[in-house]
Amino acid sequence: MEIAVLFGSMTLLLALSLPIGISLGMATAVTLAYTNSVPLIMIAQNAFAALDSFPLLAIPFFMLAGALMSYGGISKRLVALAEAMVGAVIGGLAMVTVTACMFFAAISGSGPATVSAIGSFMIPAMRAKMYDDDFAAALTAAAGSIGVVIPPSIPFVIYGVVSGASVGELFIAGILPGIIIGFSLMAVSYRVAKKRRYPISQNRIPLGQAFREAFWALLVPLIILGGIYGGIFTPTEAAVVASVYALIVGKFIYGELDFKTTYDAFKDAVLVNGATTFMIGLSMSFAAFLAMEQVPAKICDWMLSLSSSPVVILLVINILLLIVGCFVDNISSMIILTPILLPIVTKIGVDPVHFGLVMTVALATGFVTPPYGANLFVASAVSGVSMVRLSKAVMQMIAAMVLCLLLFTYVPYISMALVWALR
């Protein structure tokens, strides 16, 4: 009955359009009041205890780094480099959008941030070249999902904190899958562009010039991953280094960060991080109550009773994650579901790092699945295209991402080869 009250009240509050964090906190409070077995102060205690974590400090600093690079002119130089690389292909601007999102993903660690930074340039550019509005916005939203797969990735940090898996190994595991998702979206773009006869990108700057201008931006992932695996700093310290580096490059090399733009970047990072931190804290309280009621163990036993086949269990888990991603935020889903699902997959021999990659890709697909789809909301705001039109246009991109998810699930070598080589 307690679990029915917990999930029932959470579903009702989400249906009333309350924010995720508030819904989780209120659902936990209602359930505790109903049971009378645990004091309500448990919510605050667990929330503050969960946030008192050094690895979680990586989240605000990666957000700040992404904001500084967006305001500091780095995103538009990455777009120019992408255009010089793939702009000559049929549907060149669509290819540029995906490639630029892949570059920016290696900086921001956030899906919505990637959509906002790249979409503000590329959606108007595609519209000016007679691309359909709904396709341009849908592609940007889907490509923005790569932002949580290619390192650095905020969901990888969350998963590492909750599961105890190495954040550095999770970063490495996301490199090749992120690239594969990008190429799959390019394949969709090529097919659509050829069918609708979208034009080839014109007025591209030479590749050498574009590379020189974007050189300082391209150093960011090398600094982050090289520093982590070189033993120079931890992922959290890498986030701080990335923020300082972004500030120096934007201010002294590109000269586009003045007092106002720096203030705007810090303000954006603070606002987004405030909402994210609030949500993480209450999600941890929700997850703590689940653990108290032994819900993860019960669900684990139930799922293992359905089938002993790893293929079937992983398929069921993927379907569950895709459904949850339609309604619940990526970070909250990661915190709540990791303690439930990780014991199941470890019993069937799945590496926790591999499962973290699979879980992240599945929930990243939720960024573009209606009705929640955070990336869809950002793309709709940037483009002015309605959610109804966006939801229809994005279906073919979702299909490509689901195929990639199944590939990563059943061929662990794709994500784990680099990890195994470095262990």
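Calculation notes
- Residues numbered from 1 in each chain as written.
- Predicted model: local features only at pLDDT ≥ 70, side-chain atom pairs only at ≥ 80, totals over all residues.
- Heavy atoms only, no water.
- Salt bridge = Lys/Arg side-chain N within 4 Å of Asp/Glu carboxyl O.
- Helix = DSSP H or I, 4+ residues; strand = E, 2+ residues; numbered from the N terminus.
- Buried < 20%, exposed > 50% of the residue type's maximum accessible area, 1.4 Å probe, protein only.
- Axes fitted to C-alpha atoms, helices over the stretch in contact; angles between N-to-C directions.
- Parallel < 35°, antiparallel > 145°, perpendicular 65-115°, else oblique.
- Left-handed = near helix turned anticlockwise from the far one by under 90°.
- Contact = heavy atoms within 4.5 Å.
- Core = buried A, V, L, I, M, F, W, Y, C linked by side-chain atoms within 4.5 Å.
- pLDDT = per-residue confidence, 0-100.
- Phe/Tyr/Trp six-rings, centres within 6.5 Å; stacked < 30°, edge-to-face > 60°.
- Nonpolar A, V, L, I, M, F, W, Y, C, P; charged D, E, K, R; others polar.
- Expected span 1.5 Å × (residues − 1).
- Polar contact = N/O pair within 3.5 Å; in protein donor to acceptor, adjacent residues only side chain to side chain.
- Patch = residues over 30% accessible without salt bridge, like charges linked within 9 Å, V, L, I, M, F, W, Y side chains within 5 Å.
- Areas by Shrake-Rupley, 256 points an atom, 1.4 Å probe, with all protein chains shown as cover.

K.L.:
What is the right way to look at the pattern of salt bridges in this model?
P.N.:
Opposite charge on two side chains permits them to pair, given that their charged atoms come into close proximity. Tallying each qualifying case throughout the model produces four salt bridges. A salt bridge links Asp133 to Arg127, with the shortest nitrogen-to-oxygen separation between them at 3.1 Å. Here Asp132 makes a salt bridge to Arg196, at a shortest N to O gap of 2.9 Å. Residue Asp132 is found in the loop between α7 (111-128) and α8 (133-144), and its partner Arg196 is found in helix α11 (residues 175-196); the two are separated by 64 residues along the sequence. Residue Asp132 is classed as partly exposed on the basis of its relative accessible area of 32%. Its relative accessible area of 39% is what places Arg196 among the partly exposed residues.

K.L.:
Can you help me understand the packing of helix α17 (residues 330-347) against helix α18 (residues 352-365) in this one?
P.N.:
For any two helices packed against each other, one specifies the crossing angle of their axes together with the interaxial distance. Close contact between α17 and α18 brings their axes to 10 Å; oriented N to C, the two are set at 140°. Relative to α18, the element α17 lies oblique. Where α17 crosses over α18, the two elements pack in a sense that is right-handed. Across the interface between the two elements, Asn330, Ser333, Met334, Leu337, Thr338, Leu341, Leu342, Val345 and Thr346 of α17 pack against Pro352, Phe355, Met359, Thr360, Leu363 and Ala364 of α18.

K.L.:
So what exactly am I meant to see when it comes to the nonpolar core here?
P.N.:
A general tendency of soluble globular proteins is for nonpolar side chains to be buried together. If you look at the biggest cluster of nonpolar residues, it comprises 150 residues, and the most contacted ones within it are Ile181, Leu185, Ile317, Leu341, Phe355 and Met359. Not counting chain neighbours up to four residues away, the residues in contact with Phe355 comprise Tyr159, Ile317, Leu341, Leu342, Val345 and Val350.

K.L.:
How should the confidence of the model for the protein be read in this particular structure?
P.N.:
Parts of the model with low pLDDT should not have their predicted coordinates read in detail. Of the residues in the protein, 97% have a pLDDT of 70 or more, and the chain-wide mean is 83. No element of the protein has a lower mean pLDDT than helix α15 (residues 295-306), at 74, and none a higher one than helix α21 (residues 395-410), at 94.

K.L.:
For this particular structure, what's the right way to read the packing of aromatic side chains?
P.N.:
Where two aromatic rings form a pair, the distance of their centres and the angle of their planes describe that pair. Summed over the entire model, instances satisfying the criterion amount to seven aromatic pairs. Between Phe211 and Phe215 the ring centres are 6.2 Å apart and the planes differ by 65°, which places this aromatic pair in the edge-to-face class. Taken together, the residues span about one helical turn, with Phe211 and Phe215 both in helix α12 (residues 207-229) at a distance of four residues. The exposure class assigned to Phe215 is partly exposed, which follows from its relative accessible area of 33%.

K.L.:
Can you walk me through the environment of Met397 in this structure?
P.N.:
Within the secondary structure, Met397 sits in helix α21. Overall, the relative accessible area of 0% leaves Met397 in the buried class. Expressed as a C-alpha distance, the spacing of Met397 and Thr360, which sit 37 residues apart in the sequence, is 17 Å. In this structure, Met397 is in contact with Phe135, Ala138, Leu139, Ala142 and Leu185, ignoring residues within four places of it in sequence.

K.L.:
I would appreciate a short explanation of the packing of α12 against helix α13 (residues 235-253) in the present structure.
P.N.:
Remark: α12 packs on α13, axes separated minimally by 10 Å, with the N-to-C direction vectors making an angle of 160°. Considering the angle they form, α12 stands roughly antiparallel to α13. Handedness of the crossing formed by α12 with α13: right-handed. Residue-level inspection shows Trp216, Leu219, Val220, Ile223, Ile224 and Ile228 of α12 in contact with α13, the latter providing Pro235, Ala238, Val241, Ala242, Tyr245, Val249 and Ile253. Across the contact of α12 with α13, the residue classes tally to 13 nonpolar, no polar and no charged.

K.L.:
Whenever I open this one, the side chain of Ser23 confuses me. Can you help?
P.N.:
Structurally, Ser23 can be placed in helix α2 (residues 20-35). Among residues more than four places away in sequence, those in contact with Ser23 are Leu13, Leu14 and Leu18.

K.L.:
Help me understand helix α14 (residues 259-292), please; the structure alone is not making it clear to me.
P.N.:
Think of an α-helix as 3.6 residues a turn; residues three or four steps apart then line up on the same face. Spanning 34 residues, α14 covers 49 Å between terminal C-alpha atoms, matching the ideal 50 Å at 1.5 Å per step. With a side-chain oxygen lying 3.2 Å from the backbone nitrogen of Lys260, the N-terminal cap of α14 falls on Asp258. Downstream of α14 by a residue or two, Gln294 has a phi angle that is positive, lying close to 60°.

K.L.:
So what exactly am I meant to see when it comes to the environment of Gly21 here?
P.N.:
Within the secondary structure, Gly21 is located in helix α2. A sequence separation of 308 residues divides Gly21 from Asp329, and the C-alpha atoms of the two residues are 9.4 Å apart. Once residues within four sequence positions are removed from consideration, Gly21 is found in contact with Phe278, Met279 and Leu282.

K.L.:
Is there a simple way to think about a nonpolar patch on the surface in this case?
P.N.:
Together, Val311, Val312, Leu315, Val316, Ile319, Ile323, Leu407, Tyr410, Val411, Tyr413 and Trp420 make up a nonpolar patch on the protein surface, roughly 960 Å² of accessible area in all. Put simply, the parts of the chain that give the nonpolar patch at least two residues each are α16 (310-325), α21 and α22 (413-422). Among the elements that make up the nonpolar patch, the one with the highest residue count is α16 (six residues). Within the element layout of this structure, Tyr410 appears in helix α21.

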